[in-house]
Amino acid sequence: MKLKQLKVRPKKILESSPCVVEMGALFECWAVSGIDDKRCQTAAKSLQECMAKPGRKTKQQNTINYHLARLSKHL
């Protein structure tokens, strides 16, 4: 029996946003004091600063498909 192609689907990894803490603080402030309250400006400003930072997106390399393709020649 010979297989034409072997391939493994990569697992989907859920990554948390880097600004989750700031967003949670802003939502909490809104829940306590209302959306238009002036006291929430510091939380909103910190969230804006966090969102303005460039995100680091690193692609994770899945090498198992490379090895499966290489070994499929010998099966």
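Further up the page is the structure itself.
All residue numbers refer to position in the chain's written sequence, counted from 1. Reporting in this predicted model follows two pLDDT cut-offs: at least 70 for local features of residues, and 80 or more for side-chain atom pairs to be given and counted; totals over whole chains, interfaces and linings ignore these cut-offs and use all residues. Computation of side-chain values covers all heavy atoms of the structure but excludes hydrogens and water.

Visitor: Looking at this structure, I do not really get the state of the cysteines. What am I missing?
Guide: By definition, a disulfide links the sulfur atoms of two cysteine residues through a covalent bond. Two cysteine sulfurs form a disulfide in these notes if their separation is within 2.5 Å. A full pass over the atoms with the stated rule returns two disulfides. Linked covalently through their sulfurs, cysteine 19 and cysteine 50 form a disulfide whose S-S length is 2.0 Å. Around the S-S axis, the bridge from cysteine 19 to cysteine 50 shows a dihedral of about -95° and counts as left-handed. One end of the pair, cysteine 19, is in the segment before helix H1 (20-33); the other, cysteine 50, is in helix H2 (residues 41-52), with 31 residues separating them in the sequence. Judged by relative accessible area, which is 2%, cysteine 19 ranks as buried. Note that cysteine 29 is cross-linked by a disulfide to cysteine 40, the S-S spacing being 2.1 Å. For the disulfide bridge between cysteine 29 and cysteine 40, the dihedral angle about the S-S bond is near -95°, and by the sign convention the bridge is left-handed. Counting from the N terminus, the helices are the DSSP runs of H or I reaching at least four residues and the strands are the DSSP runs of E reaching at least two. Throughout, exposure labels follow a simple rule: accessible area from a 1.4 Å probe, protein chains only, divided by the maximum for the residue type, with under 20% read as buried, over 50% as exposed, and the rest as partly exposed.

Visitor: Sorry if this is basic, but what is going on with the environment of leucine 47 here?
Guide: Of note, leucine 47 is situated in helix H2. Judged by its relative accessible area of 14%, leucine 47 falls in the buried class. When the C-alpha positions of leucine 47 and methionine 23 are compared, they lie 6.2 Å apart, and in sequence the two are 24 residues distant. With residues up to four places along the chain from it excluded, the contact list for leucine 47 reads Cys19, Glu22, Met23 and Leu26. Note on definitions: a residue-residue contact is assigned when non-hydrogen atoms from the two residues lie within 4.5 Å.

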